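# Structural overview
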Amino acid sequence: MSHLAGVVGVLPEHRHTQARLTRTVADMLGLEGVDREVLERFHRNAGVSERYLVRPIEDYAALGDFGERNDIFLVEATALGERAVKQALAHAGVEPADVDVLITTTITGLAVPSLDARLVGPLGLRDDVKRIPIVGLGCVAGAAGIARAHDHLVGHPDDVVVLLAIELCSLTVQQHDTSTPNLVASGLFADGAGAVVLTGANRPPAQRAPRIRSTRSRLYPDTERAMGWDVRGTGMQIVLGAEVPDLVRENVRGDTDRFLAEHGLTRADIGWWVAHPGGPKVLDALAEALEIEPDALGVTWRSLDRIGNLSSASVLHVLADTLTDRPPEPGSLGVLLAMGPGFCLELVLLEA
């Protein structure tokens, strides 16, 4: 088993209430009358009280094409990512020179060289560090990144792996798109980063930390248009299908049960759940599928309310909050899970 030696979530400095953001989006899109009321309803129903942005709120109406947005992404994502990794290493008590693998996940910008390459120098990592950029997994990538780090550590039990998930969703909002997916997304997604330090079985952490026992990936056929981006000249246009909650209800219970059964377990053996905050309808569908009480996802609901949906970084924030605010009983079992474009599911079995 590998260890979650350090988990942190970080946020940019610009914090705004949902009401303030709603007014900004409505003005930016030029919405009036019934159209403005529709936007306000979507934002009220998002389950979000406040969110954080990487740039001053006044800047967003003047955002240019994809190139300009991506230039901003490169600067801001590198700075926020550096802060997240440094905090995670400090929390884990691991020196930068001890890191063997750096995994980065993002879906809100494009970097070539990738973000991990841009961070090696500022972080003080070795020049032989293995770099694994993950692009395209969206909201599921935080969980998938933990799973892929664990896969590496199973075969390299002496190694240290750092996972960085960073998303600047505010840079993707389209100023002239009044479609329902864009209106919904403008009230749900926000900016932030999460970082995890994982160590192999032969490198137990200095302090007690959860261990990863197993992982499972699941891709559902013919669901490519359920969630994702259409890349346009103005940037990334959200694809967000109404069928997502139904896909959760139809698939998550069976996939979770089969995964646990391989280890002689059932859902009754799971003491804590770490879920990606996909939105109120998705969380309701998830609780229904898993047949758990709403409070079992209480940390996820509070994360959604406090910071919104950070795509791949969100599940890492929920994990950090769980370990800090509601520490699991030693030896208890937990499941970390997220869903994303594909449409797909990632499951990670944890032991406190």
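Residues numbered from 1 in each chain as written. Predicted model: local features only at pLDDT ≥ 70, side-chain atom pairs only at ≥ 80, totals over all residues. Heavy atoms only, no water.

### A closer look at the packing of helix α5 (residues 141-155) against helix α10 (residues 314-325)
Closest axis-to-axis distance for the α5/α10 pair is 7 Å, and the angle between their directions is 70 degrees. Judged by the inter-axis angle, α5 sits roughly perpendicular to α10. Contacts between α5 and α10 pair Gly142, Ala143 and Ile146 from the former with Val315, Leu316 and Leu319 from the latter. Per-class residue counts for the contact of α5 with α10 are five nonpolar, one polar and no charged. (Axes fitted to C-alpha atoms, helices over the stretch in contact; angles between N-to-C directions. Helix = DSSP H or I, 4+ residues; strand = E, 2+ residues; numbered from the N terminus. Parallel < 35°, antiparallel > 145°, perpendicular 65-115°, else oblique. Contact = heavy atoms within 4.5 Å. Nonpolar A, V, L, I, M, F, W, Y, C, P; charged D, E, K, R; others polar.)

### Some points on the UniProt feature "domain: Chalcone/stilbene synthase C-terminal" (unreviewed entry) in the protein
As recorded in UniProt, the feature "domain: Chalcone/stilbene synthase C-terminal" (unreviewed entry) lies at residues 214-351. Within residues 214-351, the helical portion is 37% and the strand portion 29%, while the C-alpha atoms at the span's ends are 10 Å from each other. (UniProt positions renumbered as here; feature names shortened; annotations may be inferred.)

### With respect to the domain arrangement of the protein
For the protein, the assigned domains are domain 1 (3-199) and domain 2 (211-351). Taken over C-alpha atoms, the centre of domain 1 sits 17 Å from the centre of domain 2. Domain 1 puts 59 residues into the contact, and the matching count from domain 2 is 45 residues. Across the domain 1/domain 2 interface, buried area totals approximately 3900 Å², and carbon plus sulfur atoms make up 68% of it. At the junction of domain 1 with domain 2, the criterion picks out one salt bridge. Applying the counting rule to domain 1 against domain 2 returns 19 residue pairs in polar contact (both at pLDDT 80 or more). Taken together, the elements giving at least two residues each to the side of domain 1 that touches domain 2 come down to β1 (2-10), β3 (50-53), α3 (66-92), α5, β6 (160-168), α6 (180-186) and β7 (191-199). A total of nine residues in the side of domain 1 that touches domain 2 trace back to one element, the largest contributor, which is α5. Among the residues making up the side of domain 1 that touches domain 2, the classes are represented as 32 nonpolar, 18 polar and nine charged. (Domains from an automatic or database assignment. Buried area = accessible area lost by both parts, 1.4 Å probe. Salt bridge = Lys/Arg side-chain N within 4 Å of Asp/Glu carboxyl O. Polar contact = N/O pair within 3.5 Å; in protein donor to acceptor, adjacent residues only side chain to side chain.)

### Quick look at the pairing of β1
Burial runs high along β1: eight of the nine residues are buried. As paired elements, β1 and strand β8 (residues 211-219) share two bridges and run antiparallel to each other. If you follow Ser2 over to β8, its bridge partner there is Ile212. As judged from the seven bridges shared by β1 and β7, these two strands associate in the antiparallel manner. Bridge pairing in β7 links Val8 to Ala195. (Buried < 20%, exposed > 50% of the residue type's maximum accessible area, 1.4 Å probe, protein only. Pairing = 2+ DSSP bridges.)

### Focus on the pairing of strand β9 (residues 227-232)
Alignment of β9 against strand β10 (residues 235-240), held across six bridges, turns out to be antiparallel. Counterpart to Val231 in the pairing with β10 is Met236. Where β9 folds back on β10, the antiparallel hairpin that results is connected by two residues.

### Considerations on α5
For α5, which comprises 15 residues, the first-to-last C-alpha distance of 21 Å matches the rise-based estimate of 21 Å (1.5 Å per residue) to within 8%. Most of α5 sits out of view: eleven of its 15 residues are buried. What α5 keeps buried is the set Ala141, Gly142, Ala143, Ala144, Gly145, Ile146, Ala147, Ala149, His150, His152 and Leu153. (Expected span 1.5 Å × (residues − 1).)

### Side note on unusual backbone geometry
The step from Val112 to Pro113 runs through a cis peptide bond, and the omega angle for that step is 0 degrees. Structurally, Pro113 can be placed in the loop between β4 (101-106) and α4 (115-123). A cis amide bond links Gly342 with the next residue in sequence, Phe343, at an omega value of -10 degrees. On the secondary structure map, Phe343 appears in the loop between β12 (333-340) and β13 (344-351). Of note, the phi angle at Asp222 is positive, near 60 degrees, even though the residue is not glycine. Mapping Asp222 onto the fold places it in the loop between β8 and β9. Phi is positive for Glu291, close to 55 degrees, though the residue is something other than glycine. Within the secondary structure layout, Glu291 lies in the loop between α8 (280-290) and α9 (298-307).

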